[in-house]
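One-letter residues, chain by chain:
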Amino acid sequence: STQSRSSAASDVYKRQVDNSVGDKVEIMICDIKSYIHAMYYMLAFNAKEKIILYWDEPTITMDYETHEFHDIIKENWNKNLIPNVVLSSATLPHSNEIAETIQDFRSNFQDADIHSIVSYDCKKTIPIINKEGYVEMPHYLFKDYKQIKETAVHCEKYKTLLRYIDLEEAIRFIKYINDNFDEFVSVKKCSIERNFPLIESVTMINIKKYYLSILQNLNSEKWEAIYQYMSETRKQRQSSNIHVVTKDAYTLTDGPTIFLADDTEKIAKFCLQSANIPPEVIKNIMSAIKFNDGINEKINVMEKTLEDLQKKDEEKERKISNEDRGDPEIRRLAKRIQELQCCIKNVSMNSGFIPNSKEHINRFNNDDAERKSIYRSAFTSDISEHTVEKIMLIDDIDDSWKLLLMLGIGVFTQHNSIRYTEVMKNLAQSQKLYMIIASSDYVYGTNYQFCHGYISKDLCLMSQEKCIQAMGRVGRTQLQHDYTIRFRENDLIKKLFQNDENKPEVRNMNRLFTN
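Quick look at the structure, then. Remember, predicted model here, so these are calculated numbers, not experimental data.

## With respect to the overall build of the protein chain
Counting secondary structure elements, the protein chain contains 21 helices and 11 strands. Across its three principal axes, the protein chain shows a C-alpha extent of roughly 95 × 70 × 45 Å. Within the protein chain, the proportion of its 515 residues that are buried is 47%. Taking the 69 positively charged and 76 negatively charged side chains of the protein chain as two groups, their mean positions are separated by 2 Å.

## Thoughts on helix H5 (residues 145–157)
Here H5 contains 13 residues, and its C-alpha end-to-end distance of 19 Å stays within 8% of the 18 Å for a straight helix at 1.5 Å per residue. Within H5, burial applies to Tyr145, Ile148, Thr151, Ala152, His154 and Cys155. Contacts from the buried residues of H5 go to helix H4 (138–141), helix H9 (204–216), helix H10 (223–232), helix H19 (464–471) and helix H20 (490–496). One side-chain oxygen of the residue at the start of H5 lies 3.0 Å from the amide nitrogen of Lys146, identifying that residue as Asp144.

## Concerning H19
In terms of burial, H19 is a largely internal element, 8 of the 8 residues being buried. Those residues of H19 lying buried are Gln464, Glu465, Lys466, Cys467, Ile468, Gln469, Ala470 and Met471.

## Some details on the sheet that holds strand S10 (residues 452–455)
Spatial strand order, S6-S5-S11-S10-S7-S9-S8: 7 strands in an open sheet with mixed pairing. Taken across any chain shown, the strands that pair with only one partner, and hence form the sheet edges, are strand S6 (135–136) and strand S8 (409–412). Across 4 bridges, the pairing between S10 and strand S11 (residues 484–487) is parallel. Within S11, the position partnered with His452 by the bridge is Thr484. Against the sheet, helix H18 (residues 418–429) engages S8 and strand S9 (435–438), with an angle of about 120° to S8.

## Concerning the packing of helix H6 (residues 167–179) against H9
Where H6 contacts H9, the axes come no closer than 10 Å and their chain directions differ by 50°. In this view, H6 runs oblique relative to H9, as classed from their interaxial angle. The interaxial crossing formed by H6 with H9 has left-handed handedness. Contacts between H6 and H9 involve Leu167, Ala170, Ile171, Phe173, Ile174, Ile177 and Asn178 from the former and Met204, Ile207, Lys208, Tyr210, Tyr211, Ile214 and Leu215 from the latter.

## What about the packing of aromatic side chains?
Tallied over the full model, the rule gives 12 aromatic pairs. On the numbers, 5.2 Å between centres and 90° between planes, the contact of Phe196 with Tyr210 is edge-to-face. Of this pair, Phe196 sits in the loop between helix H8 (192–195) and H9 while Tyr210 sits in helix H9, and the two are 14 residues apart along the sequence. Of the two residues, Phe196 and Tyr210, neither departs from the other in class, the shared state being buried. A centroid spacing of 4.9 Å and a plane angle of 5° characterise the contact between Phe259 and Tyr454, whose relative ring orientation is stacked. Of the two residues, Phe259 sits in strand S7 (residues 257–260) while Tyr454 sits in strand S10, which places them 195 residues apart along the sequence. Summarising the burial analysis for this pair, Phe259 and Tyr454 share the class buried. The rings of Trp55, Trp77, Phe105, Phe109 and Phe513 are connected pair by pair, giving a single aromatic cluster.

## Observations regarding the packing of helix H1 (residues 35–43) against helix H2 (residues 70–79)
At a closest axis distance of 10 Å, the pairing of H1 and H2 adopts a crossing angle of 20°. One finds that H1 runs roughly parallel with respect to H2. Relative to H2, the crossing made by H1 is right-handed. Counting all contacts with H1, which are made through Tyr35, Ile36 and Met39, the residues of H2 involved are Glu75, Asn76 and Lys79. The residue makeup of the contact of H1 with H2, split by class, is 3 nonpolar, 1 polar and 2 charged.

## Quick word on the pattern of salt bridges
Throughout the structure, instances matching the rule amount to 16 salt bridges. The shortest N-O distance in the salt bridge between Lys175 and Asp179 comes to 3.2 Å. Linking Lys175 with Asp179, this pair stays in helix H6, spanning 4 residues, or about one helical turn. With relative accessibility at 53%, the residue Lys175 sits in the exposed group. A salt bridge links Asp382 to Lys432, with the shortest nitrogen-to-oxygen separation between them at 3.1 Å. Remark: Lys432 occurs in the loop between H18 and S9 and Asp382 occurs in the loop between helix H15 (368–377) and helix H16 (385–392); sequence separation between them is 50 residues.

## Observations regarding the pairing of S9
Burial along S9 is two-sided: Met435 and Ile437 and Ile436 and Ala438, pointing in opposite directions, are all buried. Direction of pairing for S7 relative to S9: parallel, over a ladder of 4 bridges. Residue pairing in the sheet places Phe259 in a bridge with Ile437 of S9. For the segment spanning S8, H18 and S9, crossover handedness is right-handed.

What counts, and where the lines are drawn
Residues numbered from 1 in each chain as written. Predicted model: local features only at pLDDT ≥ 70, side-chain atom pairs only at ≥ 80, totals over all residues. Heavy atoms only, no water. Helix = DSSP H or I, 4+ residues; strand = E, 2+ residues; numbered from the N terminus. Buried < 20%, exposed > 50% of the residue type's maximum accessible area, 1.4 Å probe, protein only. Lys, Arg positive; Asp, Glu negative; His and termini not counted. Charge placed at Lys NZ, Arg CZ, Asp CG, Glu CD. Expected span 1.5 Å × (residues − 1). Contact = heavy atoms within 4.5 Å. Polar contact = N/O pair within 3.5 Å; in protein donor to acceptor, adjacent residues only side chain to side chain. Pairing = 2+ DSSP bridges. Axes fitted to C-alpha atoms, helices over the stretch in contact; angles between N-to-C directions. Parallel < 35°, antiparallel > 145°, perpendicular 65-115°, else oblique. Left-handed = near helix turned anticlockwise from the far one by under 90°. Phe/Tyr/Trp six-rings, centres within 6.5 Å; stacked < 30°, edge-to-face > 60°. Nonpolar A, V, L, I, M, F, W, Y, C, P; charged D, E, K, R; others polar. Salt bridge = Lys/Arg side-chain N within 4 Å of Asp/Glu carboxyl O. Right-handed = clockwise from strand over helix to strand, strands pointing away.

As structure tokens, then:
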């Protein structure tokens, strides 16, 4: 697609863009398959030195050893004639890791300057919850102090990880170490007084950086005692967190949740099974769905007949919607279709089964004081009757997906129904869904706002970079919300905080982004 602009930004919305005039086109957006054509188009009207190639998320598919896009990516890089390139990704490998790619670029563009811009957001704390329900932190991961120091260095290098160091746990660790400072710390420069001389210096990011500094300067002989004390006094943040549609739903607060899994259908079936909707309720819903399917089938036949009649009547310039004119048969069919549409049954789920509805909270929480607190923060779906009707009218999707949407759960998988996918996407975009279940490839490029995320067990082999991308879907909304990333496999958490010298993204970039 293309977009051209006039000198006044507001004029863009006041006039029809004419993309046939090449020298007026200032921005061209394309996928990787179209890049070569787009590049030559822009070069036909602009000097190459004045063009910028902005490549968004260049590491997509780089976590695969082989992928159908790899040959396209390599061809695009080899044939690229534009000397100004921006590779934009939250997990782009550091410049020293992709030295081959940089050298190749310099060989193609002799006067090239290479700049690295690394930013990170540490305005929020997004704790990592392990499968046992404890907040995971670097100091809990390893009994070996050498590994602890390596982890702290890794976090300093990849500062994106600072977001996932829990502030409460970091402060608890800092307090314990400083209460025994002379015994535990090997250098005096790590004292609180030296690191926080003014009240203004007590910020979230400074606390987290101080936490990493302490980890690197402990008395190694005392680490075993420190590790034992911190582990034994560790408090469980959540006694359970996997029953997302029943007793644990209330822990999903403030906004939607994303559940990432390789086998999305398995997670979807688990949610539907866990909801434990009584057979009678399902029977009534299915009966209504079946009735509606029959009505829809009749409507489809009549609409086809109506369309055929309309074509025959076109020469008379008659419209179906104008009931005062046209063939009587057309008017009769139109009226009959309206009557059948009015017969569509309004199928709604009992609110007691909809996660975090008031009735649902009352089912799974007995304490009145606790209920009042939950009411204020627990997030639920908002599926209107009109949307339910649209869902029920979809005749090319399995009934189980309809039931899940009624519970406020959308599943991004290979659906054959375009209509279902569009309804689900619109609900997700407007944050009307309680939860989205999706594969790990879904994380690239989506800007839906999530407050909580699950990383499923079957993603334990996911690369470190892709894991960070997945975690980055959470915490993009307001500062005052509560956020969590919940891992169903603890080994992946350890992988996240350790230096990985065999990153597939690095290997593939150095292989594909070279001649």
